[in-house]
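# Observations on the model geometry
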Amino acid sequence: MKISRLIIPDFQQFKDFDLDLTYPERHERAGEPLDKVCFIGGNGTGKSTLLQGVYTQLSAPLNGAIPFWQKTAIKLKIDSNSYYWIPNAKMGLDASIEEGNSFRDVLNFLKHGLFVNSISNYLKDDVRAHFANQNAENERDFLIYCPSESQYNSYVNFNDVPPVSLDKSLSLFEKFPITNIVSNGTVEEFWKLLIYHLKKRENDFRTFESLPENQIKTVKEVRELFEKQHPDILKSLSDFWNKILAKAGLEFDYEGAKNPIQLTDNLQAYIRLKNSKEHIGYNQLSTGIRNFIFKLGHIFALYFNRNIESGFLLVDEPENSLFPDFLYGLVDTYVDTAKNTQIFMATHNPIIAAQFQPYERFILEFEEGTGHVKVRRGTTPVGDDPNDILIKDFGIRSILGREGVTKWERYIELKTLIPLEHDPAKKNSMIEEFMQIGSDYNFAADAVS
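Residues numbered from 1 in each chain as written. Predicted model: local features only at pLDDT ≥ 70, side-chain atom pairs only at ≥ 80, totals over all residues. Heavy atoms only, no water.

## Notes on the pairing of strand β11 (residues 310-316)
Basically, it comes down to this: Using a 1.4 Å probe on the protein chains alone, a residue whose accessible area is under 20% of its type maximum counts as buried, one over 50% counts as exposed, and one in between counts as partly exposed. Segments assigned H or I by DSSP are reported as helices when at least four residues long, segments assigned E as strands when at least two residues long, and all are numbered from the N terminus. Should DSSP find at least two bridges between two strands, the strands are regarded as paired.
The element β11 is extensively covered by neighbouring structure, given that seven of its seven residues are classed as buried. In β11, alternate side chains face the same way, and those of S310, F312, L314 and D316 on one face and G311, L313 and V315 on the other are all buried. Bridging between strand β6 (residues 141-146) and β11 involves six bridges; their strand directions are parallel. Bridging across to β11, L143 finds its partner in F312. Of the strand pairs in this sheet, β11 and strand β12 (residues 341-346) are connected by six bridges, and their pairing is parallel. Across the sheet, residue D316 finds its bridge partner in β12, namely A346.

## Description of the packing of aromatic side chains
Operational definition: When the centres of two rings from Phe, Tyr and Trp lie within 6.5 Å, Trp using its six-membered ring, the rings pair. Their planes under 30 degrees apart give stacked, over 60 give edge-to-face, and anything left gives tilted. Two conditions define a charge located above a ring, namely a distance within 6 Å from the ring centre to NZ of Lys or CZ of Arg, and an angle within 35 degrees of the ring normal.
Inspection of the entire model under this criterion finds 23 aromatic pairs. Cluster of aromatic residues (ring-pair linked, three or more members): F190, W191, W241, F252, Y270, Y282 and F294. The residue whose ring lies beneath R223 is F205, and the NZ or CZ to ring-centre distance is 3.8 Å. Between the NZ or CZ atom of K247 and the centre of the ring of F326, over which it lies, the distance is 5.3 Å.

## As for the pairing of β12
Summarising burial for β12: six of the six residues are buried, a large majority. Residues T341, I343 and M345 of β12 are buried on one face, and the alternating residues Q342, F344 and A346, pointing to the opposite face, are buried as well. Here strand β3 (residues 36-41) runs beside β12; their pairing, made up of four bridges, is parallel. Bridge assignment links K36 to a residue of β12, and that residue is I343.

## Overview of unusual backbone geometry
The backbone of Q12 sits at a positive phi, close to 50 degrees, despite the residue not being glycine. Turning to its location among the elements, Q12 is positioned in the loop between β1 (2-11) and β2 (14-20). Classification of Q12 by relative accessible area gives exposed; the value is 56%. Although it is not a glycine, D16 sits at a positive phi angle of roughly 50 degrees. The residue D16 is located in strand β2 in this model.

Distances and angles like these do not, on their own, reveal function.
See the structure below:
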């Protein structure tokens, strides 16, 4: 299940907003929903609003909340069928809007339909099946929202590992979350997930070793076979995290981790220096690395050992507090982690935007005269120089600072004046200045005579 279209008739800066989220005509998958989407645009154009709105719109059937946009339609594609999902609409999906309706038909319904708070009466069965409260055995769906920042930063409140316990983590055996917020305020939920996976693996082993076919095997054989079929969350997390931590000379000490035994026990697992093996407190890590590994670790733990059929991952400003070197390949990391998931990102960073195909890149801009937001798709190819992205897609007129612009103008002026200068001393001085500016600012050093 994926979103193929988003319609916002009238909300804040959005007016008659119709966003087609499908592959373009000439693509081999033309008409199918995009696997990943990137929103870029100036401050206030609504990138974060779109992510937050999609999250609350999709999560409304689960938590009983009134959707963020009460008259917004999301077109969901489920297998070969498409349905418009209009939370708070009194009429049923099939009765109100069917496949093939025009945007104007949908818009008119949204503007003139009757709306109520309850949505449980109209949800179509196959839509409800994808968004219904399910127990810990649910392995079908995920909805994950990663806001850019949280008002509450739990990192600053602990000096050791996140303060949870085995007792708190056992609740996940009763109900595994479908909707999740991953932020610097939910790190305790991440730590609970790790403990849950550790205890679930212990339970799975007891079941595995009692199977009739394993009774004739040696303890060593049973253990080796189990290890192949049931990976250790801490070992897997170590392999995942260390690709990131290695750049900073760090590693995850999964071998030295102490698993909780008593209900009041916590998981003790730490980051350490690669060379000295000295443990580093999580509160001592840089803000960027700590936010990065906890956010990705949380998502990794949510997907670990689960057969997800459809998911939505909404990530706002994934570049926050990260050195540019960490950003290259970041989108692929999210894609590889969140299998069978439609990914939405909002970013101000050209390095992130360059990792999306131009048809996956949506530029939000204010329309002159109305103040409403319009949208266009990107033009620069995937993997292009981020400077090209800045100029062509972000619409930045110049990537030079004020002094850089002054130097560029002087550089062009000298290029014109040097051939006209007949005084050898002045000419040499001008050539020297021309070459120096070109070297300092990496301007093309064209030959002059």
